[in-house]
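# Breakdown of the fold
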Amino acid sequence: MAAAELRSAGQPGAAVPTRTKARSFLSIDTKAPVQIASDWEVHSHQDKELVKGLGLTSATMLVMGSMIGSGIFIVSSEISREVNSPALLIAAWLVTGFMTIVGALCYGELAAMMPRAGGQYVYLREALGPLWGFLYGWTLFLVIQTGTIAAVGVAFGKFLGIFVPSISSSNWILHFWKVPPIRIGPMVLGNMDVGLNTQNLVAILVVVALSVINVFGLRTGALIQNVFTFAKVSALLGLGFLGLFIGRNAHALEANFHGNFWNNAGLSAQHAVQVGVGGPVVLVGTLTILAVAQVGSLFSADAWNNVTFTAGEVKNPNRNLPLSLALGTGVVITLYIICNFVYLNVLPLDGMPNGATILERGIKYATEERVGTAVMTQMFGSAGGLLMAAAIMVSGFGCVNGLILAGARVYYAMAKDGLFFRGVAKLHPTYKTPAVSLMVQMVWTCVLCVSGSYGQLLDYIVFAVLVFYILTIFGLFVLRRTHPEAERPYRAIGYPLLPATYIVMALFIDVVLLRYKPQFTWPGLIIVLLGIPVYYLWSRRGETLSLKRSGELNV
């Protein structure tokens, strides 16, 4: 008998059988028959023990705040080098926008059906089985959520260093080790510094402070999220207005638009791609290069699903979850596309790596790839660059808060199902927040900050993130078949055409990345697969503990 089947209903942290009818068995305490709800019945209702503190505004701000970090101000530089075309730079973001909004519309149906803490973990568990839910949660904890928090936190420190020069990645407090590069086929592992410097110290302090603050009630964390999201959305709107109407540069307009916009954008055009690290350079078509370019744009638009992790705390989830997903992703994607038009209005796409001025370097070779800062500096001088650096810090701080708030709910849900440390399922007795989960997430994130590995880990996991999106949207088809009678307050717009289109596009991107960017794919796939033996060990351990408690083992 599975461990989940031996826990009594109504207890905090209770887990129940997957996709089975209600069943009765002997209670440990009374030896009387106890009726246990099915897993579906539990997950199709909100967690009773959590505070319902997120309205539509807060849920939408969580979607937007989790999406907007520092990526939009940086990754367009690398995308430009890959696609070598103004039109394809915009096309890369349009593809990302289409996929993100379609994904959000699909998740809206799942979220309204199963408004449970854990979100995507719950959907995968119910549609495809506990193993798939665990693999997602395992990867989320090990790399996706914690690695992103670490990366955005260190980026916050990097931009703070513009104002306080002593904050730097080279200003070491404790330097433990320089890990040498380790070449394995097309991949290069290692090659990072392990230790504490002033830059990652700032990241650690931000992570610790926000983790502790989020213990003191959902509304406290949501208030911080709302304030900082409003600030960074305003900053993006300001950048859009200034770049489109005030700071337009004649040289950039000539280079990017006057007869040059569609350069290298035809379907028959050939684009150079290096296979792996130090591998051969091959020529690929336009659709393939757009798929390769999605590494940066998809990652910059990711984390929109984080609001589903907090579903157990959303007021009127049947309405507010689908609506917040649609509104949040729609607004952010629109802002992202406007920002890239701003970049093209102010800086030429092409440039030289050793250019003496911002215009000579262009978008492709902006200093340290900080395109947003380069654009503001070009428009308003050094004051503009400082203003943009401050805006990116605000953006990063709000993003870290949203990721911390949401991620802890997944590990809490896993612990309730017996698939994570049991203590992580405990709520703070006063504030009813997953305090232990917040602390466990905080500790691992700080380890990643000190290890210096978060950047590589995030590169490795882009492929895996897309795989889980594919599986979750495939789960929408599965649940339409296995639970046709389930209450669906919202049905995915465009079903089945739009979800099927998403799956086809995402599969194409993943196949292209496997072929041409193996350094971004195989390590991530290995991290996911390592979770399989861990799942069976954890399941067996949980089953043994439950059997011991029930007296069914002679111990």
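Procedures and definitions
Residues numbered from 1 in each chain as written. Predicted model: local features only at pLDDT ≥ 70, side-chain atom pairs only at ≥ 80, totals over all residues. Heavy atoms only, no water. Buried < 20%, exposed > 50% of the residue type's maximum accessible area, 1.4 Å probe, protein only. Helix = DSSP H or I, 4+ residues; strand = E, 2+ residues; numbered from the N terminus. Contact = heavy atoms within 4.5 Å. Axes fitted to C-alpha atoms, helices over the stretch in contact; angles between N-to-C directions. Left-handed = near helix turned anticlockwise from the far one by under 90°. Nonpolar A, V, L, I, M, F, W, Y, C, P; charged D, E, K, R; others polar. Salt bridge = Lys/Arg side-chain N within 4 Å of Asp/Glu carboxyl O. Patch = residues over 30% accessible without salt bridge, like charges linked within 9 Å, V, L, I, M, F, W, Y side chains within 5 Å. Areas by Shrake-Rupley, 256 points an atom, 1.4 Å probe, with all protein chains shown as cover. Phe/Tyr/Trp six-rings, centres within 6.5 Å; stacked < 30°, edge-to-face > 60°. Lys NZ or Arg CZ within 6 Å of the ring centre and 35° of its normal. Pairing = 2+ DSSP bridges. pLDDT = per-residue confidence, 0-100. Disulfide = S-S within 2.5 Å.

This brings us to helix 5 (residues 120-128). Across the 9 residues of helix 5, 8 count as buried, placing the element largely inside the fold. Along helix 5, the residues that are buried comprise Q120, Y121, V122, Y123, L124, R125, E126 and A127. Each element contacted by the buried residues of helix 5 is listed here: helix 1 (39-43), helix 4 (86-113), helix 6 (130-163), helix 11 (306-309), helix 14 (371-416) and helix 16 (454-482). Downstream of helix 5 by a residue or two, G129 has a phi angle that is positive, lying close to 115 degrees.

Moving on, we get to the packing of helix 8 (residues 218-245) against helix 12 (residues 317-346). Helix packing for two helices is described by the angle between their axes and how far apart those axes are. Packing of helix 8 against helix 12 brings their axes to within 9 Å, and their N-to-C directions diverge by 35 degrees. Note that helix 8 runs across helix 12; the crossing there is left-handed. Between helix 8 and helix 12, the contacting residues are V233, L236, L237, L239, G240, G243 and L244 on the first element and L335, I338, C339, F341, V342, Y343, N345 and V346 on the second. In the contact of helix 8 with helix 12, the residues fall into 12 nonpolar, 3 polar and no charged.

Using the criterion set out here, one finds 11 salt bridges in the structure. E109 is the partner of R488 in a salt bridge, and the nearest nitrogen-oxygen pair spans 3.2 Å. In this pair, R488 sits in the loop between helix 16 and helix 17 (497-516) while E109 sits in helix 4, placing the two residues 379 residues apart along the sequence. Here E313 and R409 are joined by a salt bridge, their closest N and O atoms 2.9 Å apart. Placement of E313 in the loop between helix 11 and helix 12 and of R409 in helix 14 is noted, with a sequence separation of 96 residues between them. We note that E313, like R409, is buried. Through salt bridges with shared partners, a single network forms among D47, E49, R116 and K416.

A surface patch of nonpolar side chains, amounting to about 290 Å² of accessible area, comprises I162, F163, V164 and L386. Note on placement: V164 falls in the loop between helix 6 and strand 3 (172-178). The exposure class of V164 is partly exposed, given its relative accessible area of 35%.

So, about the packing of aromatic side chains. Counted under the stated rule, the structure contains 25 aromatic pairs. Taken together through their ring pairs, the aromatic side chains of F134, W138, F141, Y411, F420, F421, W444, Y535, Y536 and W538 make up a single cluster. Over the ring of Y495 we find R480; its NZ or CZ atom is 3.8 Å from the centre of that ring.

A few words now on the pairing of strand 6 (residues 193-197). Of all 5 residues making up strand 6, 4 are buried, and the element is well covered by its neighbours. In the sheet, strand 3 pairs with strand 6 via 5 bridges, with the strands oriented antiparallel. Across the sheet, residue W172 finds its bridge partner in strand 6, namely N197.

Segments scoring low in pLDDT should not have their predicted coordinates read at a detailed level. In the predicted model, the protein carries a mean pLDDT of 87, and the fraction of residues at 70 or more is 90%. When the criterion is pLDDT under 50, residues 1-36 qualifies, and its contacts beyond four places in sequence or with other chains add up to 77 contacts.

Along the polypeptide, S300 turns up in helix 10 (residues 286-300). Given a relative accessible area of 5%, S300 falls into the buried group. Residues in contact with S300, not counting those within four places in the same chain, are M67, G71, I72, V75, W93 and Y336.

In this section: the state of the cysteines. Throughout the structure, instances matching the rule amount to 0 disulfides. Unpaired in this structure, C339 has its nearest cysteine sulfur neighbour in C399, at a distance of 15 Å. Cysteine C399 remains unbridged, with the sulfur of C449 as its closest cysteine sulfur at 13 Å.

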